[in-house]
Amino acid sequence: MTTAAPPGTSYHRLARTERHRWWRPLLGSLLVLGGTFLVLCLLIGIGTAIATATGRPTGPDGLPALGALGDLVLLLASIGAALPFVLLAARWVQARPAGTVSSVLGRLRWRWLGWCALVSIPAVLLLLAGSFGLLALTGSADGDAGAADTGWPGWAGFLGALALLLLLVPLQAAAEEYLFRGWLLQAVGAFLRTPWPAVALQALLFASAHGWGTGWGFADLAVAGGVLGWLTIRTGGLEAAVALHVVNNLVSFAGAAALGQLGSDETAADGPWEMLVVSLLVHAGYAVVVLRLARRRRLPTRSPEQPAPAPGDPAAIADPAPAGSAPTGPALTGLAPTGPAPMPAPAPSAGETPGRR
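Criteria and cut-off values
Residues numbered from 1 in each chain as written. Predicted model: local features only at pLDDT ≥ 70, side-chain atom pairs only at ≥ 80, totals over all residues. Heavy atoms only, no water. Core = buried A, V, L, I, M, F, W, Y, C linked by side-chain atoms within 4.5 Å. Buried < 20%, exposed > 50% of the residue type's maximum accessible area, 1.4 Å probe, protein only. Helix = DSSP H or I, 4+ residues; strand = E, 2+ residues; numbered from the N terminus. Phe/Tyr/Trp six-rings, centres within 6.5 Å; stacked < 30°, edge-to-face > 60°. Axes fitted to C-alpha atoms, helices over the stretch in contact; angles between N-to-C directions. Parallel < 35°, antiparallel > 145°, perpendicular 65-115°, else oblique. Contact = heavy atoms within 4.5 Å. Nonpolar A, V, L, I, M, F, W, Y, C, P; charged D, E, K, R; others polar. Expected span 1.5 Å × (residues − 1).

Asks: In this structure, what is going on with the nonpolar core? I would like to understand it.
Replies: If you look at soluble globular proteins, the nonpolar side chains tend to sit buried side by side. Ranked by size, the top nonpolar core spans 59 residues in total, and within it Tyr178, Leu231 and Tyr286 carry the most contacts. Among the secondary structure elements, those contributing two or more residues to this core are helix H3 (82-93), helix H4 (110-138), helix H5 (155-189), helix H6 (196-209), helix H7 (215-235), helix H8 (239-258) and helix H9 (273-296). In terms of residue count, the dominant contributor to this core is H5 (10 residues). Counting residues in each nonpolar core, the second largest holds 10 residues, with Leu76, Leu165, Leu168 and Val169 among its members.

Asks: Quick question: what am I supposed to make of unusual backbone geometry here?
Replies: Apart from glycine, the bulk of residues carry a negative phi angle, and the bulk of peptide bonds sit in the trans form. Phi at alanine 95 takes a positive value of approximately 55°, unusual for a residue other than glycine. Following the sequence through the fold, alanine 95 ends up in the loop between H3 and H4. With a relative accessible area of 4%, alanine 95 lands in the buried category. For arginine 298, which is not glycine, the phi dihedral falls at a positive 50°. With respect to the helices and strands, arginine 298 occurs in the segment after H9.

Asks: So what exactly am I meant to see when it comes to the packing of aromatic side chains here?
Replies: Each aromatic ring pair is summarised here by two numbers: the centre-to-centre distance and the angle between the ring planes. Evaluated as defined, the whole model comprises five aromatic pairs. With 5.4 Å between their ring centres and 40° between their planes, tryptophan 152 and phenylalanine 158 make a pair best called tilted. A relative accessible area of 47% places tryptophan 152 in the partly exposed class. Among the aromatic residues, ring-to-ring pairing joins Trp152, Trp155 and Phe158 into one connected group.

Asks: Is there a simple way to think about the packing of helix H2 (residues 67-80) against H3 in this case?
Replies: A pair of packed helices is captured by two measures, namely the crossing angle of their axes and the spacing between those axes. Where H2 meets H3, the axes come as close as 5 Å, and the angle between the chain directions of the two elements is 5°. Between H2 and H3, the interaxial angle falls into the category roughly parallel. Counting all contacts with H2, which are made through Ser78, Ile79 and Gly80, the residues of H3 involved are Ala82, Leu83 and Pro84. The residue makeup of the contact of H2 with H3, split by class, is four nonpolar, two polar and no charged.

Asks: Quick question: what am I supposed to make of H7 here?
Replies: The periodicity of an α-helix, 3.6 residues per turn, causes residues three or four places apart in sequence to face the same way. Relative to the 30 Å expected for 21 residues at 1.5 Å per residue, H7 spans 30 Å between its end C-alpha atoms, a close match to the ideal helical length. In terms of residue burial, H7 counts as a mostly covered element, since 15 of its 21 residues are buried. Glycine 236 sits one or two residues past H7 and shows a positive phi near 75°.

Now the structure itself:
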């Protein structure tokens, strides 16, 4: 049996239910980290066995490697494994609906996710174009053309890699969001009413998880994590963060696949100051557009009075009505008062109008 947070609860406090105990977030974190680590070890073992059986050459660590694409597939799959463990920890350990990690409605708001994805596409294109443009202006652009694995891989190689990326990158990016902006934000929020310590902590851990390259790159990742964490609280769900993360990673990995650079060790953590400057502007612009769009769509940012309909329920097809509007549809089933039916209201005369990242 699961227990939801009281109505009117902010996103970062959704783990603070009647069944909350101080040890539940800690035990749930152990489940998430331990389960993800076990899956990672399992996938590495499977990959090593396949590489050994097929006679693949050894990598820098002395173990047989599957090549740039194969190793990347294992990495993306192992990160994506964190997603189900986050949902299981919320339900099994914290005894709350797993969907409350997604949003205040207890589910992922797919329509709102689609809107955020549309905003994310120009934002990511501006981020890449602006970064490369500023690097060119400052003379800091340094190509990696001397690498042995660079160059157009051909249509067969590119399309094959793109198919795998389309399958795994959304899972990997969503898993990172559910882990940092979801589980971690709510785990800290279960103890503190103010969201800012949780936003700052998850942003720093998000940057640290990508490794240490340059101070500028670390700051870039920390700022991105902070903005996405703030957006998650302001919009009441993970959709805005998931959309931007998925689009950004898909475009970046697709570009690397086209250039034959999937085996490159460089990440966002290695970025120079030029990328930080552009990233600050783009993330600020993305936040402004998303918040305005959320306000226009009257997006719920706190848990509603009634629990959100479960998937498959006819009421789950459309987003809930704005606050203050009369309930309609299946939600009224079984709520009619007993006794004689009231007289129907007269029909309006001609020309009279009746009163979601």
